[in-house]
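# Chains, contacts and geometry: an overview
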Amino acid sequence: MRLFHSSHTSVTTPDINHSRDYLDFGKGFYLTSIHEQAVRYAQRFLRRQREAWLNAYEFEFELSDWNILTFDSYDKNWLNFVANCRAGKDDSDFDLVIGGIADDKVIQTLDRYFEGELSEDETLGLLKYEKPNIQYCIRSQNMIDKCLKHIKSEKL
């Protein structure tokens with residue numbers, strides 16, 4: 001399958017070490033299968049007066065070879081996983097996590113959830129990203145090395 005990664009640079013050799021901590025699905029290399037989503041995300045680099053690159057990859061793997069977690073909807077399991085990752089409390093060993101993206105207000109909303117101001121249902125409603133979206137977080141360098149092949153990088 002074809003996946004895209006937006007960055008301020010061409011990323012021909014992805015690695016986990018350059019990932020930030022405390023993201024939706026933890027530390028990893030984030031991609032999407034939706035071209036328009038990747039282009040929209042790249043706009044943040046342009047707004048910051050930086051270069052914006054759209055990197056394309058071919059991603060092929062056997063399900064049985066890897067530890068994969070998939071979220072099909074914004075539900076309690078998704079919320080708890082994102083909350084744990086954002087709080088730095090995730091100790092799972094998934095090679096790949098697939099699911100929806102929380103919106104830009106995620107940190108503020110999760111803080112309110114942690115403080116007990118919001119119920120799970122209220123939190124899920126606030127975090128739901130209305131446009132169709134998907135993110136793939138490859139959390140294993142081994143999976144990147146074996147399954148992800150750089151196709152091209154395009155400066156936007």
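Sequence order as written defines the numbering, with residues in each chain counted from 1. Only residues with pLDDT of 70 or above have their local features reported here, since the model is predicted, and side-chain atom pairs are shown and tallied only from 80 upward, although totals for entire chains, interfaces and linings are computed over all residues. The basis for every side-chain value is the complete set of non-hydrogen atoms in the structure, without hydrogens or water.

Stacked, tilted and edge-to-face pairs are distinguished by plane angle, under 30 degrees for stacked and over 60 for edge-to-face with tilted covering the rest, among Phe, Tyr and Trp rings (Trp via its six-membered ring) whose centres lie within 6.5 Å. Here the structure, examined in full by the defined rule, presents nine aromatic pairs. Judged by centre distance (4.6 Å) and plane angle (85°), the rings of Tyr-74 and Trp-78 are edge-to-face. In this structure an aromatic cluster arises from ring pairing among Phe-25, Phe-71, Phe-81 and Phe-94.

Paired strands are those between which DSSP finds at least two bridges. The numbering of helices and of strands both runs from the N terminus, where a helix is a DSSP run of H or I of at least 4 residues and a strand a run of E of at least 2. Pairing is antiparallel across the open sheet formed by three strands, whose spatial order is β1-β3-β7. What marks the edges here is a single partner per strand, and that holds for β1 (2-7) and β7 (148-155). Each strand of the sheet is rotated relative to its neighbour by a mean of 25°, with strand direction disregarded. Note that strand β3 (residues 53-59) and β7 share seven bridges and pair antiparallel. Paired with Trp-53 across the two strands is Lys-155, which belongs to β7. Any two residues having at least one pair of non-hydrogen atoms within 4.5 Å are treated as being in contact. Angles shown run from 0 to 180 degrees and are taken between the N-to-C directions of axes, each axis being a line fitted to C-alpha atoms and, for helices, limited to the stretch in contact. Contacts from helix α1 (residues 35-47) reach β1 and β3 within the one sheet, and its direction differs from that of β1 by about 10°.

So, about the sheet that holds strand β5 (residues 96-99). Each strand in a sheet pairs with another by means of backbone hydrogen bonds, the pair being arranged parallel or else antiparallel. Strand order in the open sheet formed by four strands is β2-β6-β5-β4, with mixed pairing between adjacent strands. Edge strands, defined here as strands with exactly one partner in the open sheet, are β2 (29-31) and β4 (68-70). Across the sheet, the axes of successive neighbouring strands diverge by a mean angle of 15°, strand direction being ignored. Pairing between β2 and strand β6 (residues 135-138): three bridges, direction antiparallel. Each residue of the ladder has a partner; that of Phe-29, found in β6, is Ile-138.

Without other data, these values stay purely geometric and don't point to any function.
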